[in-house]
Amino acid sequence: MANLQQRLPENVPGDFFVDATCIDCDTCSQLAPSIFRDHGDQCSVYHQPQTAAEVKRAMMALVSCPTGSIGATEKHDAHLGIDAFPMHVSDDVYFCGFTSENSFGGWSYLINRSDKGNVLIDSPRFASQLVKRIAGMGGVETMLLTHKDDIAAHEEFHKQFGNSRVMHERDGAARIGIERVIVGEDPFALDDDLLVIPTPGHTRGHVVFLYKHKFLFTGDHLAWSPGRKTLTAFRSVAWYSWPEQIRSMEKLLMYDFEWVLPGHGDMHHDSVENMKQHLERCIAWMKTRN
Ligand code: SF4
């Protein structure tokens, strides 16, 4: 619950505000860029919502904030935000919202597959409103974990839905009781439309998941940079090895995808050809950052 006494001075006057507990995960500025902005090392409200659509976006950010740092002085129906999640992205892919502080506000996604069971990629907060809505969509059959930083409430989801979990051994999968432990660096198919591609770099056991040769769930390996208008990686958080991360990025050149859906950073959609060009630019840029 945001605290009005701790309202950041960077907020414009009015109803919605961010307080001093903000951890600068950028979820709000990505979900509602017309209302929230990153003003440095935290986010604040730079434009108060004027329309019903803007109020809804602000409420979506409010329920998705991992630290409860967004508040409003006027009364709003929380269901404006709650009922918007999981939020449709494209085809049968959804963004879960409700990010967790345990994964620093990392984004998670749900594939709503009626034939083979739903897939949850990384972990949202185990919020009862979200869990109920996921249950209504068929629950979770499999949970795919890109790396150890974004596993948040994996145990609670496993207990709730009895789903299996998939994670790489080098990120400590066996230690935390993961059912299907990925070994080595060779890509392999989990089923006919879901591929696991090990991408060490951010962590030793980082992997990305390619769905239908269209959706690439990238964890903290790869994201869109709205500033540079191309794909990017995060040099300052390459905890394991930046040269390894470059090598892992080069491996992705052999795959087709239209969507990049990251844990941190912006998602992006483009043609396969354009994505390939962006990936090449990203790799060239990474090589200048050694
Ligand atoms: S979502 Fe919350 S923690 Fe993340 S940047 Fe916005 S106010 Fe800060």
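Use the structure listed above.
By convention here, each chain's residues receive numbers from 1 onward along its written sequence. Owing to the predicted nature of the model, reporting of local features is limited to residues with pLDDT of at least 70; listing and counting of side-chain atom pairs is limited to 80 or more, with chain, interface and lining totals taken over all residues. Only heavy atoms go into the side-chain values, all of them from the structure, while hydrogens and water stay out.

(A) Local environment of the pairing of strand β13 (residues 194–198). Think of it in three bands: with a 1.4 Å probe and only protein chains considered, a residue is buried below 20% of the maximum accessible area for its type, exposed above 50%, and partly exposed in between. The numbering of helices and of strands both runs from the N terminus, where a helix is a DSSP run of H or I of at least 4 residues and a strand a run of E of at least 2. Among the 5 residues of β13, 5 are classified as buried, and the element is accordingly described as predominantly covered. Residue alternation in β13 divides its side chains into two sets, L194, V196 and P198 and L195 and I197, and both sets are buried. Strands were regarded as paired on the criterion that DSSP finds at least two bridges between them. Note that strand β12 (residues 188–191) and β13 share 3 bridges and pair antiparallel. Opposite A189, over in β13, you have L195 as the bridge partner. Following β12, the chain reverses through 2 residues before pairing antiparallel with β13.

(B) Focus on the site of the ligand. Note on terminology: near, applied to a residue and a molecule or strand, indicates that one of the residue's heavy atoms is within 4 Å of it. Taken together, 13 residues surround the ligand, and among them C22, C25, D26, C28 and C65 come closest. Ten residue types, Ala, Val, Leu, Ile, Met, Phe, Trp, Tyr, Cys and Pro, are classed as nonpolar, four, Asp, Glu, Lys and Arg, as charged, and the remainder, Gly among them, as polar. Among the residues making up the shell around the ligand, the classes are represented as 9 nonpolar, 2 polar and 2 charged.

(C) Highlighting a positive patch on the surface. A surface patch of like charges, here positive, comprises R228, R235, R281 and R289. One can find R281 in helix α7 (residues 272–287). The exposure class assigned to R281 is partly exposed, which follows from its relative accessible area of 46%. Patch construction takes residues with relative accessible area above 30% that form no salt bridge. Like charges are linked within 9 Å, and nonpolar side chains (Val, Leu, Ile, Met, Phe, Trp, Tyr) are linked within 5 Å. Note on areas: Shrake-Rupley, 1.4 Å probe, and residue coverage restricted to the protein chains presented here. When a carboxyl oxygen of Asp or Glu lies within 4 Å of a side-chain nitrogen of Lys or Arg, that pair is called a salt bridge. Only four residue types enter the charge count, namely Lys and Arg as positive and Asp and Glu as negative; His and the chain termini do not. A charged residue contributes its charge at one atom only: NZ of Lys, CZ of Arg, CG of Asp or CD of Glu.

(D) Looking closely at the pattern of salt bridges. Evaluation of the coordinates by the stated rule reveals 13 salt bridges. Here R133 and D83 are joined by a salt bridge, their closest N and O atoms 3.6 Å apart. With R133 in helix α4 (residues 128–136) and D83 in the loop between α3 (79–82) and β5 (87–90), the pair connects residues that are 50 residues apart, well separated along the chain. Relative accessible area serves as the criterion here: at 40%, D83 is assigned to the partly exposed category. Across the pair K276 and D256 runs a salt bridge, and its minimum N-O distance is 3.0 Å.

(E) Layout of the packing of helix α6 (residues 242–251) against α7. To define axes, lines are fitted to C-alpha atoms, for helices over the stretch in contact only, and angles between the resulting N-to-C directions are given on a 0 to 180 degree scale. Contact pair α6 / α7: the axes reach a minimum separation of 10 Å and the direction vectors enclose 160°. Regarding the angle of α6 to α7, the classification is roughly antiparallel. Crossing geometry of α6 relative to α7 is assigned as left-handed. Contacts between α6 and α7 involve W242, Q245, I246, M249 and E250 from the first element and L279, C282, I283, W285, M286 and K287 from the second. Across the contact of α6 with α7, the residue classes tally to 8 nonpolar, 1 polar and 2 charged. Just so you know how the angles are binned, under 35 degrees is roughly parallel, over 145 roughly antiparallel, 65 to 115 roughly perpendicular, and the rest oblique. In this scheme the handedness of a crossing depends on how the near helix is turned from the far one: anticlockwise by less than a right angle means left-handed, clockwise means right-handed. Any two residues having at least one pair of non-hydrogen atoms within 4.5 Å are treated as being in contact.

(F) Highlighting α7. Residue count minus one, scaled by 1.5 Å, sets the expected span of a helix. The first and last C-alpha atoms of α7 sit 23 Å apart over 16 residues, in line with the 22 Å expected at 1.5 Å per residue. Looking only at α7, the buried set comprises M275, H278, L279, C282, I283, W285 and M286. Axial view of α7: buried residues confined to an arc of 160°, hence all on one face. Buried residues along α7 sit against β16 (223–225), β17 (230–232), α6, β18 (259–262) and β19 (268–269). The arc in question is traced by the directions running from the helix axis to the C-beta atoms.

(G) Local environment of helix α5 (residues 154–161). Along α5, the positions that sit buried rather than exposed are H154, F157 and F161. Projected down its long axis, α5 carries its buried residues within an arc of 65°, all on one side. Of the surrounding secondary structure, the elements contacted by the buried residues of α5 are β8 (119–121), α4, β9 (142–144) and β10 (164–168). Positive backbone phi, approximately 65°, marks G162, located one or two places after α5.

(H) Focus on the sheet that holds strand β15 (residues 215–219). Read across the sheet, 6 strands follow the order β12-β13-β14-β15-β18-β19 without closing on themselves; strand pairing throughout is mixed. Of all strands in the sheet, those with a lone pairing partner are β12 and β19, marking the two edges.

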